[in-house]
Amino acid sequence: MADTMPVDENCLFCKIVAGLIPCARVYEDEKVLAFLDINPINRGHTLVLPKAHFPSLLELPDSEGESLLRGLRLVAGAVQKQTRCGGFNCIQNNFASAGQVIFHSHWHIIPRFNSDGLPDWPGGAYSDSKEMEELARSINAHILKA
């Protein structure tokens, strides 16, 4: 890894990027690494991550976006072709309450099949349109302050 690249010496994914821990690599470029998840939800479940250490999406600089999106598209397309899945989920968890276990920003490409038995996306509802509009305004206010 380049000296200017953020690294956390205690991070499992930083150790994988550095070649200190083996992985089943499926894609790599200057900024992105992708490898098969060792605990796959479905066969072909792949992790895509920036080589540099950023604990969550909130710390990820804009400059990483283009290379990550290119890597995600390439990997997702290849996983879909190889596994012959009908679709895939591209999921990114942030912070422990959202299920993040390794605090190095990463995306899961999970092949999906009609018969895989995984649950559908659970939907909900707002009590009324006023509640939804108020929430939208308050979120937007935080964006404007950023």
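Residues numbered from 1 in each chain as written. Predicted model: local features only at pLDDT ≥ 70, side-chain atom pairs only at ≥ 80, totals over all residues. Heavy atoms only, no water.

Draft legend 1. Layout of the pattern of salt bridges. Tallied over the full model, the rule gives five salt bridges. For Glu28, the salt bridge is made with Arg25, and the minimal N-O distance between the two is 3.0 Å. Here Glu134 ties to Lys130 by a salt bridge, and the two come within 4.0 Å at their closest N and O atoms. You can see Glu134 and its partner Lys130 sitting in helix H3 (residues 129–145), four residues apart, about one turn around the helix. When salt bridges with common partners are traced through the structure, they connect Arg25, Glu28 and Lys51 into a single cluster. (Salt bridge = Lys/Arg side-chain N within 4 Å of Asp/Glu carboxyl O. Helix = DSSP H or I, 4+ residues; strand = E, 2+ residues; numbered from the N terminus.)

Draft legend 2. Representation of the packing of aromatic side chains. A full pass over the atoms with the stated rule returns one aromatic pair. Aromatic side chains Phe13 and Phe35 sit 5.6 Å apart centroid to centroid with 80° between the ring planes, which places their arrangement in the edge-to-face category. One end of the pair, Phe13, is in helix H1 (residues 12–17); the other, Phe35, is in strand S2 (residues 32–36), with 22 residues separating them in the sequence. Like Phe13, the residue Phe35 is buried in the burial classification. (Phe/Tyr/Trp six-rings, centres within 6.5 Å; stacked < 30°, edge-to-face > 60°. Buried < 20%, exposed > 50% of the residue type's maximum accessible area, 1.4 Å probe, protein only.)

Draft legend 3. Highlighting the nonpolar core. Counting 15 residues, the largest nonpolar core has Val48, Val75 and Ile109 as its most contacted members. Elements with a contribution of two residues or more to this core: S2, helix H2 (65–83) and strand S5 (107–112). It is H2 that contributes the most residues to this core, five residues altogether. Residues in contact with Ile109, not counting those within four places in the same chain, are Gly44, His45, Thr46, Val48, Leu72, Val75, Ala76, Val79, Phe88, Asn89 and Cys90. Counting nine residues, the second largest nonpolar core, distinct from the first, contains Cys11, Phe13, Val17 and Leu47. (Core = buried A, V, L, I, M, F, W, Y, C linked by side-chain atoms within 4.5 Å. Contact = heavy atoms within 4.5 Å.)

Draft legend 4. Molecular detail of the sheet that holds strand S3 (residues 46–50). Here we have five strands laid out as an open sheet, ordered S1-S2-S3-S5-S4, and antiparallel in their pairing. The open sheet has two edge strands with one neighbour each: strand S1 (25–28) and strand S4 (87–91). The mean angle between the axes of side-by-side strands here comes to 20°, regardless of whether they run parallel or antiparallel. Pairing of S3 with S5, which is carried by three bridges, proceeds in the antiparallel orientation. For Leu47, the partnering residue across the bridge sits in S5 and is His108. Contacts between H2 and the sheet are confined to S1, S2, S3, S4 and S5, with S5 contributing the most and set at about 25° to the helix. (Pairing = 2+ DSSP bridges. Axes fitted to C-alpha atoms, helices over the stretch in contact; angles between N-to-C directions.)

Draft legend 5. Unusual backbone geometry, seen in detail. Phi angles above zero are rare outside glycine, and Arg84 is one such case at about 55°. Relative to the assigned elements, Arg84 resides in the loop between H2 and S4. For Arg84, a relative accessible area of 74% corresponds to the exposed category.

Draft legend 6. View of H3. Under the 1.5 Å per step criterion, the end-to-end length of H3 is 25 Å for 17 residues, consistent within 8% with the ideal 24 Å. Of the residues flanking the start of H3, the one acting as N-cap is Asp128, its side-chain oxygen 3.0 Å from the backbone nitrogen of Lys130. (Expected span 1.5 Å × (residues − 1). Polar contact = N/O pair within 3.5 Å; in protein donor to acceptor, adjacent residues only side chain to side chain.)

Draft legend 7. Expanded view of a nonpolar patch on the surface. A contiguous nonpolar surface patch, about 490 Å² in accessible area, is contributed by Tyr126, Met132, Leu135, Ile139 and Ile143. With respect to the secondary-structure elements, Ile143 resides in helix H3. In this structure Ile143 comes out as exposed when scored by relative accessible area, which is 53%. (Patch = residues over 30% accessible without salt bridge, like charges linked within 9 Å, V, L, I, M, F, W, Y side chains within 5 Å. Areas by Shrake-Rupley, 256 points an atom, 1.4 Å probe, with all protein chains shown as cover.)

Draft legend 8. H2, seen in detail. Between its first and last C-alpha, H2 extends 26 Å over 19 residues, near the 27 Å set by a 1.5 Å rise per residue. Within H2, burial applies to Ser67, Leu68, Gly71, Leu72, Val75, Ala76, Val79 and Thr83. Buried positions in H2, seen along its axis, are confined to an arc of 150° and lie on one side of it. What points out from H2, more than 90 degrees from its buried face, is the exposed set Glu66, Arg73 and Lys81. At its buried positions, H2 is contacted by S1, S2, S3, S4 and S5. Where H2 ends, the next residue or the one after it, Arg84, has phi of about 55°, a positive value. (Arc of directions from axis to C-beta.)

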